[in-house]
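# Coordinate analysis (summary)
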Amino acid sequence: MAADTHCPYCALQCAMTLTPTDAATPPGTTDAAGPPVTVAGRDFPTNRGGLCKKGWTSAELLAAPSRLTAPLVRDADGSLQETTWDAALDLVADRLRGIRAQHGADAVGVFGGGGLTNEKAYLLGKFARLALGTSRIDYNGRYCMSSAAAAGNRAFGIDRGLPFPLTDLDDATTILLLGTNVAETMPPFIGHLAGAQAAGGLVVVDPRRTATARLTDDGRGLHVQPAPGTDLVLLLGLIHVVIAERLVDEPYVADRTTGHAALRRSVAQWWPERVQSVTGVPAATVRALARRLAASERAYVLTGRGVEQHVDGTDTATAAINLALLLGLPGRPGSGYGTLTGQGNGQGGREHGQKCDQLPGYRKITDPSARAHVARVWGVDPEEIPGPGLPAIELLGSLGRPDGVRALLVHGSNLVVSSPNVAEVRRGIERLDLLVVCDFVRSETAALADVVLPVLQWAEEAGTMTNLEGRVIRRRPALAPPEGARDELWILHELARRLGSTARFDTDPEQVFEELRLVSEGGIADYSGIDYALLDSGAEAFWPFPRGSSGTPRLFADRFHHDDGLARLVAVAPRTGARPAPSPDELTLVTGRLLEHYQSGAQTRRVPELLDAQPDARAAIHPATAARLGIADDEPVEVANERGTVRCRARLTTDIRTDAVFLPFHYGDEQAANLLTSDAVDPISSMPEFKANLVRVTRLVEAGAGS
Amino acid sequence: MTPLRIVLIGYGPVGARFVEELLPAVRSGAVALTVVAGEPVEAYNRVLVAEYAVGNADLDAMLVGDRDTAEAAGAAVMLGVRATRIDRDARVVRLSTGEGLPYDRVVLATGSRANVPTLDGVDRPRRDLAALERHPATLVARDDELPAGVTALRDLDDARRVLDAVRGRRRIVVLGAGVLGLELALAAAHAGAQVCVVHHGPHPMPRNLDRGAGHVLRSAIRRTGITVIAHSRAEAIGFRTDDDGTRRFDMLVTADGKQVRGDLLVLSCGVSPRNELATLAGLRTATGVVVGPDLRSWSDPDVFAIGDCAQVVERTEETAGRRVLPGAPSGLIGPGWRQAEWLAAAFAAEATAPQEDGGHGPEGGLPEEREPIVMLKAEHVDVVAVGDVSADPWDDDALAPRRRVAQWADPEHLRYVKMVTEDGVLTGFASVGMPRTAAELTLLFERRAELPADRSLLLRFDGPDDDPSAGADAFAPDATVCWCNGVTVARIEDSAACGNTTVECVGRDTRAGTGCGGCRGRIADVLARAAASGAEEPDGAPSLA
């Protein structure tokens, strides 16, 4: 039986059809003949039937030998041994009860993920607050979308990554891509850039000449290559030119925004020549780009992690929004601002209660009416719902500390690869009394766990995802899960039962979704009008989708989501000392992604075709810089700073600036780029600094060499 | 706790920044701030006055001050009120309104005024102590009256005079070829005025550029339609009498007898700090008000100066004894802003945590400023320079054995770069007509980074070969065709060799074209090329072209 579902990886959620290869083969068995399902692309607005290399090979992992098929518990010798589900769950429940009794409910923490289905993400938040009674829950979306989310909420009163269907981009004449390498991270996306390319209007801002930047070659647009960490100043310069040259959409700004005067004052000091001296982008380019954007009838400004994963990421995203608002883009047909959500359910995952300050429906956990509504649906007293917890970095910083978290449950996250300053995170994990990891492979984080609970993969489960457009879609099973693996909904149900919780934890995804509808009703992310039957009918479902409505493909046509209906222009400025200036012998480390790998690589490094193409981390360095440092192509190097050292090979390329080095963050152990990244965070979003850390690169002299 | 009373004299961009930074302390009640603004308008960014003068910017877009917020925080902002005297004995600032403002600290941010050169036909009053004491009403906090048709370009009134001429497409004579003069000349010419630049040096921007850069710049300016008259010292002004009886500018007469006729003469001969309050108060002045690295006057621990009027000189036994002091105010906004931030922070710290000994003001001092980078703000002429660029590649200077010079000159195409390094680190450069190169050099200079051994790498940023692969062979074996699936030309050719001769077949075999589909045309090209070469070389043997 073929199943129509969507890709397990990124937020584009390309549609695919999975057909079991041989119904006779018992599910989950290791079959040398190949994966148990075949993958075919399916027509859908985001991918139009196409898939990228990751999507095509996604089924490889279903029956891979590395798949976990029984719970693991660390034995007296310190090695992980298979056990039964009852034994594992009893152990976890016992330990949690003990830790809670001794240290209080907040001694138990939960770390979620942006890849979990809406149902799992929702139930995980409920589990933390009701079954565990802890406020200590946050998730890896803190590393992805938090800056853009904070900026969107501040400006628009709502955070839906793309407030319009992706296909709207097709007709654009100018698209400004800020810090996003879609050609590698979500390749089928680039089909939607063709219109702008044909109009010569694809503008890519990236310190690297990425595959996406190359899409601007041959007169199809412009690649702007600022020094890493200077995006905010570049945007302030663009805004300065738009204001100084009277390119502002005055009626729009007057009717639909507030804050114009303060914004105008704040950019008066960022004339293009001054911007040039900070960013390395010629003043003439700043002017030309501002004019191009203003002259375009159909223009879009889109941000990605490149500009958001900074200690000033919220302000940088805010500056991008300010630019779009001054040009009158948001809410005008054929133009707009958006942020490109990365993880598969990065959108839905940030709406339904995995965030430390949030309740389902994108409600604020501190808002008494929100608490009352959620408590009513959950059948509890509002007092029983804990208050706000700690954002990811603070949560991880508290591991094993006095009054900190002593037991951590991890779902859908490989946090010792994806967190900043991972050496510190590892030390925190070592201080824990209990680490429980739900995963389907032995990820670097699972390998450190006291208990590993094997869970299902995408092709084995039902649920919903919300893609980068805010479109709710169905995930459907194509085959039965392997014996020994369990749905996380079932695991939460069983643990809640063992912990004596009287709250409801359904194991059927559709039942969980029905509850999610009720809880989200009246919230910002209102799903109350959506059900499985509607989604199965093929109807498009963009939230907010209140009961009785037909959803909201396009936001902001008439008003923004603040009470007065106006968007906020928020004046922002670079903070002095936000990041240290590089000394002459330091390079700026930019971390990012490769086509072949997804996130921490826990999945894609186990797919032979993907691993063969990119088997290890390579530090990309400009040949001129390499010559100065005495490094030849393919030679082993050390990339180091006070936090740690990465050992890998060098790749010489003129695609990178001479003052920077690039490392993909998909690899573990001594190749983990996040050994070098700082856990300093944005003061508003708590986003860490992933994109501009200072390092020294040296040739690695191997032992025995040079004798 | 009584608040620290601070009086700020001057409300330009540096003064406005000082106010902004001090507001938290004002709001908390630790500081009582009064701003004596002088000009009757909100603080604006003077860097943009030339843009305003040619109609490229509105006043709105230039405003940096926020009087409403400052007043809401509790500061008093007195627009259009001038300070006429600092009475240091009484510790009171006297105002043009007759009032007096008692202070604990007074900060001079009076900026600078345009220099008026010695020209027959233009009065040029001195501002020494004797003159100031005789004519305080006309000389203190006031600029000189210039004849009709003659203007500097410093404030909004000046800019409006220029704007009238630009709008009327009249003939504008710019005296001086420094950065500000050239910016105005280029902007005015761009806006349609007829412009002539007269200067006495051998080439424009002589303080910043070497001969090569200067000559390339002159060619670039001339190509915009501006007349440039070099080697000409201005001597006198000729007047004509309008129908309404006003005597106004008619021509500039140079020492060698040239008569340059025009409707408006713009003086762009540099600026001088507005020192007169300090002079009258008996404070040490040189070019500007002399302050230490802590921005405190050498003569009075309660008086400070920031921005264009401040001359920072560290007081040592050696400097204290000198009659002529080194340095001068930079005249640039960046250092002024940093001074404003630093001093505001120091005052805030002092006011919120008073020292036990009742000591005076900030400790320590600002780090020394790096030599400022000069950039010409102009639409079609790109000039960036910093440092001493007078050395030539062939110089053999025993005094600078580690200095090296690299140079690229292409006057025909208006491109020029000179890079001066010491031990590989940039100490100065001049760039004309090479914007990307200049931008990269700017960053390298700021970071004191070593230049690549192959200096020509920096030139190539502005060349068509900037991206080595852009012009490269799109059919090179390792060129990527399908980004979604990472499929190269070689992989498609291999597939074709195995009999996959259509885009669909190749897609099934390699997945090329099965993502966004944008590369299907290129796959067809690769296949067509493979088919053609296959036909020519049936045995597949490599051929020598």
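Computed from a prediction, not measured in an experiment: that's the story for all the values here.

## Examining the overall build of chain B
The secondary structure content of chain B amounts to 16 helices and 27 strands. Taking 2.2 N^0.38 as the reference for a compact globule, 545 residues should give roughly 24 Å; the C-alpha atoms of chain B span a radius of gyration of 31 Å, well beyond that estimate. Reported as C-alpha extents along the three principal axes, the dimensions of chain B are approximately 100 × 65 × 55 Å. For chain B, buried positions account for 46% of its 545 residues. In chain B, of all internal contacts separated by at least 6 residues, the share reaching a separation of at least 24 is 61%.

## Remarks on the overall build of chain A
Counting its regular elements, chain A contains 23 helices and 29 strands. Computed over its C-alpha atoms, the radius of gyration of chain A comes to 24 Å, within 12% of the 27 Å expected for a compact globule of 707 residues. Considering only C-alpha atoms, chain A reaches an extent of 75 × 70 × 55 Å along its principal axes. Considering chain A as a whole, with its 707 residues, one finds that 64% of them fall into the buried category. Sequence separation of at least 24 residues holds for 72% of the intrachain contacts in chain A that already meet a minimum separation of 6.

## Some remarks on the sheet that holds strand E25 (residues 425–432) of chain B
Picture the strands of a sheet paired through backbone hydrogen bonds; they go either parallel or antiparallel. Residue and element names in this part refer to chain B. Spatial ordering of the open sheet is given by E21-E22-E25-E24-E23, a layout of five strands whose pairing is antiparallel. Looking at strand neighbours, the two that pair on one side only are strand E21 (374–375) and strand E23 (403–410), the edges of this open sheet. In this sheet, strand E22 (residues 383–386) lies alongside E21 in antiparallel orientation, the contact comprising two bridges. Paired with Val374 across the strands is Ala385, a residue of E22. Relative to E25, helix H12 (residues 435–446) is tilted by about 160°, and along the sheet it contacts E22, strand E24 (415–422) and E25.

## Points about the pairing of strand E25 (residues 644–652) of chain A
Two faces, one strand: in a regular strand the side chains alternate between the faces of the sheet. Residues and elements named next belong to chain A. Strand direction decides the pairing type here: strand E23 (residues 618–621) and E25, joined by four bridges, are parallel. Its bridge partner lying in E25, Ile621 is registered against Leu652. With six bridges connecting them, strand E24 (residues 636–641) and E25 associate as antiparallel partners. For Asn641, the partnering residue across the bridge sits in E25 and is Gly644. Linking E24 back to E25 in an antiparallel pair, the connection comprises two residues.

## Focus: helix H6 (residues 156–167) of chain B
Residue and element names in this part refer to chain B. In a regular helix each residue adds 1.5 Å, so twelve residues correspond to 16 Å; H6 covers 16 Å between its end C-alpha atoms and thus fits that length. Three or more residues of H6 are buried, namely Asp158, Ala159, Arg161, Val162, Ala165 and Val166. Seen end-on, H6 carries its buried residues on one side only, within an arc spanning 155°. Exposed residues lying more than 90 degrees from the buried face of H6 are Asp157 and Arg160.

## Comments concerning the UniProt feature "domain: FAD/NAD(P)-binding" (unreviewed entry) in chain B
Using the residue numbers shown here, the UniProt feature "domain: FAD/NAD(P)-binding" (unreviewed entry) corresponds to residues 5–315 of chain B. Across residues 5–315 of chain B one finds 25% helix and 27% strand; the C-alpha atoms that close the span lie 26 Å apart.

## Quick look at the sheet that holds strand E6 (residues 100–102) of chain B
Residue and element names in this part refer to chain B. With respect to topology, three strands assemble into an open sheet ordered E4-E5-E6, the strand pairing being antiparallel. For this open sheet the edge positions go to strand E4 (83–87) and E6, each flanked by a neighbour on one side alone. With strand direction ignored, the average angle separating the axes of adjacent strands in the sheet is 20°. Across three bridges, the pairing between strand E5 (residues 92–95) and E6 is antiparallel. Paired with Val93 across the strands is Leu101, a residue of E6.

## Quick notes on the nonpolar core
One finds Val661(A), Val31(B) and Leu108(B) to be the most contacted residues of the largest nonpolar core, which totals 396 residues. Per-element tally for this core: the top contributor is helix H8 (residues 231–244) of chain A, with eleven residues. Ignoring any residue separated from it by four or fewer positions in sequence, one finds Leu108(B) in contact with Ile9(B), Gly10(B), Leu277(B), Ala278(B), Val289(B), Val303(B), Phe304(B), Ala305(B) and Cys309(B).

## Comments concerning the packing of helix H14 (residues 489–497) of chain B against helix H15 (residues 503–510) of chain B
Residue and element names in this part refer to chain B. Two elements in contact, H14 and H15, have axes separated by 10 Å at closest approach and are oriented at 110°. In terms of axis orientation, H14 runs roughly perpendicular to H15. In this structure, H14 contributes Arg491, Ile492, Ser495 and Ala496 to the contact, and H15 contributes Val506, Asp509 and Thr510. Grouping the amino acids of the contact of H14 with H15 by side-chain chemistry returns three nonpolar, two polar and two charged.

## Description of the environment of Phe156(A)
Residue and element names in this part refer to chain A. Counting through the fold element by element, Phe156 comes out in helix H4 (residues 146–156). Residue classification places Phe156 among the buried residues on the basis of 23 C-beta atoms within 10 Å. Through-space distance from the C-alpha of Phe156 to that of Ala87 is 49 Å; in sequence the pair is 69 residues apart.

## Here's the deal with the UniProt feature "domain: BFD-like [2Fe-2S]-binding" (unreviewed entry) in chain B
UniProt feature "domain: BFD-like [2Fe-2S]-binding" (unreviewed entry): in the numbering of this structure it lies at residues 481–528 of chain B. This span, residues 481–528 of chain B, is 54% helix and 8% strand, and a straight line between its end C-alpha atoms measures 14 Å.

## Description of the confidence of the model for chain B
Residue and element names in this part refer to chain B. Averaged over every residue, the pLDDT of chain B is 88; the share at 70 or more is 93%. Below a pLDDT of 50 lies the segment residues 467–472, which in the model reaches five contacts outside its immediate sequence neighbourhood of four places, other chains included. Segment residues 537–545: pLDDT under 50, and one contact once partners within four positions in sequence are set aside and those in other chains are kept. Confidence estimates for the predicted assembly give a pTM of 0.89 and an ipTM of 0.79.

## Some thoughts on unusual backbone geometry
All names here are of chain A. A cis geometry characterises the amide bond from Trp543 onward to Pro544, with omega recorded as -5°. Position of Pro544 among the secondary structure elements: in the loop between helix H21 (532–536) and strand E21 (567–568). The phi dihedral of Gln13 falls on the positive side, at around 50°, and the residue is not glycine. Positionally, Gln13 belongs in the loop between strand E1 (3–6) and strand E2 (15–20).

## Quick word on the pairing of strand E19 (residues 463–466) of chain A
All names here are of chain A. Alternating residues of E19 divide into Gly463 and Met465 and Thr464 and Thr466, and every residue in both groups is buried. Of the strand pairs in this sheet, E19 and strand E20 (residues 472–475) are connected by four bridges, and their pairing is antiparallel. Among the inter-strand pairings, Gly463 is bridged to a residue of E20, identified as Arg475. In this antiparallel pair of consecutive strands, E19 and E20, the connection spans five residues, and Gly470 shows a positive phi of 80°.

## Quick notes on the environment of Val489(B)
Residue and element names in this part refer to chain B. Along the chain, Val489 falls in helix H14. The class of Val489 is buried, set by 23 C-beta atoms lying within 10 Å. As a C-alpha pair, Val489 and Phe475 span 14 residues in sequence and 6.2 Å in three-dimensional space. Discounting chain neighbours no more than four positions away, the residues touching Val489 are Phe475, Ala476, Pro477, Ala479, Val481 and Val526.

Conventions and cut-offs
- Residues numbered from 1 in each chain as written.
- Chains lettered and ligands numbered in written order.
- Predicted model: local features only at pLDDT ≥ 70, side-chain atom pairs only at ≥ 80, totals over all residues.
- Helix = DSSP H or I, 4+ residues; strand = E, 2+ residues; numbered from the N terminus.
- Rg over C-alpha atoms; globule rule 2.2 N^0.38 Å.
- Buried ≥ 20, exposed ≤ 12 C-beta atoms within 10 Å, placed from the backbone.
- Contact = placed C-beta atoms within 7 Å.
- Pairing = 2+ DSSP bridges.
- Axes fitted to C-alpha atoms, helices over the stretch in contact; angles between N-to-C directions.
- Expected span 1.5 Å × (residues − 1).
- Arc of directions from axis to C-beta.
- UniProt positions renumbered as here; feature names shortened; annotations may be inferred.
- Core = buried A, V, L, I, M, F, W, Y, C linked by C-beta atoms within 7 Å.
- Parallel < 35°, antiparallel > 145°, perpendicular 65-115°, else oblique.
- Nonpolar A, V, L, I, M, F, W, Y, C, P; charged D, E, K, R; others polar.
- pLDDT = per-residue confidence, 0-100.

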